[in-house]
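A structural walkthrough
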Amino acid sequence: MKILPLLGGLLLLLPSLANAKAVPKTHQPLAAASAMLVDVKTGEVLYADHADESHPIASVSKLLTVLVVLDAQQPLNERIDVNVDGVPGMDNVVSRLRFGSTLQRKEAIALALMASENRAAATLAHHYPGGFPAFIKAMNHKAKTLGMTHSHFVEPTGLSSQNVSSASDLIKLLKATQKYPLMGQLSSAKNRSVTLQKPRYSLAFYNTNPLVNKKGWKIHLTKTGYTDDAGHCLVMLTEMAGRQVAFVVLDAFGKYTHIADAGRLKQWLSTGKVSKVPADALAYKAEKQQQTQQTANNLEQGDSISATAQP
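The structure reproduced in this document is the subject of the present report. (Residues numbered from 1 in each chain as written. Predicted model: local features only at pLDDT ≥ 70, side-chain atom pairs only at ≥ 80, totals over all residues. Heavy atoms only, no water.)

Attention now goes to the overall build of the chain. The secondary structure content of the chain amounts to 9 helices and 11 strands. For 311 residues, the compact-globule formula gives about 19 Å, and the C-alpha radius of gyration of the chain, at 22 Å, lands near that figure. Its C-alpha atoms give the chain principal-axis dimensions of roughly 80 × 55 × 45 Å. Pairs at least 24 apart in sequence give 65% of the contacts found in the chain among residues at least 6 apart. For the chain, the accessible surface area stands at approximately 15400 Å², while carbon and sulfur atoms represent 56% of it. The centroid of the 33 positive side-chain charges in the chain is displaced by 12 Å from the centroid of its 23 negative side-chain charges. (Helix = DSSP H or I, 4+ residues; strand = E, 2+ residues; numbered from the N terminus. Rg over C-alpha atoms; globule rule 2.2 N^0.38 Å. Contact = heavy atoms within 4.5 Å. Areas by Shrake-Rupley, 256 points an atom, 1.4 Å probe, with all protein chains shown as cover. Lys, Arg positive; Asp, Glu negative; His and termini not counted. Charge placed at Lys NZ, Arg CZ, Asp CG, Glu CD.)

A few words on the pattern of salt bridges. The tally for this structure, following the rule as stated, stands at 9 salt bridges. One salt-bridge network, in which partners are shared between bridges, spans Asp39, Glu44 and Arg243. (Salt bridge = Lys/Arg side-chain N within 4 Å of Asp/Glu carboxyl O.)

A separate point is the packing of helix α2 (residues 61-71) against helix α3 (residues 105-114). Relative orientation of the contacting elements α2 and α3 amounts to 160 degrees, with a least axis distance of 9 Å. When the axis of α2 is compared with that of α3, the two are roughly antiparallel. Crossing angle aside, the handedness with which α2 passes α3 is left-handed. Facing α2, whose interface residues are Lys62, Leu63, Val66, Val69 and Leu70, α3 presents Arg105, Ile109, Ala112 and Leu113. (Axes fitted to C-alpha atoms, helices over the stretch in contact; angles between N-to-C directions. Parallel < 35°, antiparallel > 145°, perpendicular 65-115°, else oblique. Left-handed = near helix turned anticlockwise from the far one by under 90°.)

As a further point, take the nonpolar core. Formed by 68 residues in total, the largest nonpolar core has its most connected members in Leu170 and Met183. The residues contacting Met183, other than those within four sequence positions of it, are Leu63, Val66, Leu67, Leu70, Leu113, Thr177 and Leu221. Core analysis: the second largest hydrophobic core is formed by 22 residues, Ala35, Leu211, Met236 and Val249 among them. (Core = buried A, V, L, I, M, F, W, Y, C linked by side-chain atoms within 4.5 Å. Buried < 20%, exposed > 50% of the residue type's maximum accessible area, 1.4 Å probe, protein only.)

Our next topic: unusual backbone geometry. Geometrically, the link from Lys198 to Pro199 is a cis peptide bond, its omega value of 0 degrees lying close to zero. Assignment of secondary structure puts Pro199 in the loop between β7 (191-196) and β8 (201-206). Here the phi dihedral of Lys198 falls at roughly 60 degrees; this positive angle occurs in a residue that is not glycine. Topologically, Lys198 is positioned in the loop between β7 and β8. Using a relative accessible area of 66% as the deciding quantity, one classes Lys198 as exposed.

Within a sheet, neighbouring strands are paired by backbone hydrogen bonds and run either parallel or antiparallel to one another. Spatially, the 5 strands line up as an open sheet ordered β2-β1-β11-β10-β9, and their pairing is antiparallel. Every other strand in the sheet has two partners, leaving β2 (45-49) and β9 (219-227) as the edge strands with one partner each. Averaged over all adjacent pairs, the angle separating strand axes in this sheet is 5 degrees, with direction ignored. By the bridge criterion, 8 bridges tie β9 to strand β10 (residues 231-240) in an arrangement that is antiparallel. Residue Thr222 lies in a different strand from β10, and its bridge partner there is Met236. Strands β1 (34-39), β9, β10 and β11 (243-252) of the sheet are contacted by helix α6 (residues 167-177), whose axis makes an angle of about 140 degrees with β11. Together, β1, β2, β10 and β11 form the strand contacts of helix α8 (residues 257-271), whose direction differs from that of β10 by roughly 30 degrees. (Pairing = 2+ DSSP bridges.)

Now for the layout of surface pockets. Counted as a void, the largest pocket has a volume near 350 Å³. Lining of the largest pocket is provided by 20 residues; of these, Thr208, Thr224, Gly225, Tyr226 and His232 occupy positions nearest its centre. For the lining of the largest pocket, the secondary-structure elements that each account for two or more residues are β9 and α8. With 4 residues, β9 is the single largest residue contributor to the lining of the largest pocket. Grouping the constituent residues of the lining of the largest pocket by class yields 7 nonpolar, 11 polar and 2 charged. Put simply, the second largest pocket is a space of about 260 Å³. Residue lining of the second largest pocket: Glu53, Ser54, His55, Pro56, Asp229, Asp251, Lys288, Gln291, Thr292, Thr295, Ala296 and Leu299, and that is the complete set. Examining the composition of the lining of the second largest pocket, we find that 6 residues originate from one element, helix α9 (residues 279-309), more than from any other. Of the residues belonging to the lining of the second largest pocket, the class tally is 3 nonpolar, 5 polar and 4 charged. (1 Å grid on protein atoms, 1.4 Å probe; cavity = no way out; pocket = protein on both sides within 12 Å on 5 of 7 lines; lining within 4 Å. Points joined across faces, edges and corners; volume = space filled by probe spheres on them. Nonpolar A, V, L, I, M, F, W, Y, C, P; charged D, E, K, R; others polar.)

And the structure:
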């Protein structure tokens, strides 16, 4: 009689076991120097490659910028003037937003996320309580509270190569954004028209991630990034093989290689099929990883010398 309840419990488990989605046993190489893919519901790591290495992350920084702004609970409909005073590295930045023009804080957030507008991101930091110094302090404090142990930030746009993080840290950031549904809504929009005042003019902006326009992709949140030092970066909350996933690739070679890496992982997770990566992209990856290792070795040697020199 005692066996019957046990058998019943096992029978109840069978449907869930049958529906469990296994990770392919094959390995899919990527062009990106660092990558991570995680099932956000279960926490299962589906893919990881040099996921704990710190890299410059370019405009992916703007995710944390917006998260800090939203934490401050400043009025989203308040009109703020385009102003980057006190924000370093903005002197030669190209932007269609005119200094002194005003727009709603929500619009500045949308442009920073969707169109990666640097002047919009810097303006958000300028209007933060306490200004730029307080904003950077808040960025690093927020990163610390999220457990982002491989991350550091010096400005809000990502133009500085000193804004660094790792794929594993950015997975934590992506998970945190789920508590801010506005970020997903604004970042995944295909386009946006914004009207500024003083003077009055309208501008159209488009998403920097072409996958928002591609059939077969359900993107709930996204951010791209690129600088010479960071390479091409892409983070997303999206769906792959019936899973809700957090996806990160950092430092990919080629204008669309980060987009191709997303497609490679999606196909691999769905079918187990391995896609080829262009030889020049793999060569770039090997070179960058060698540079990263050399930098780490130099830092380790420097620490060792300092420790030896201690009286």
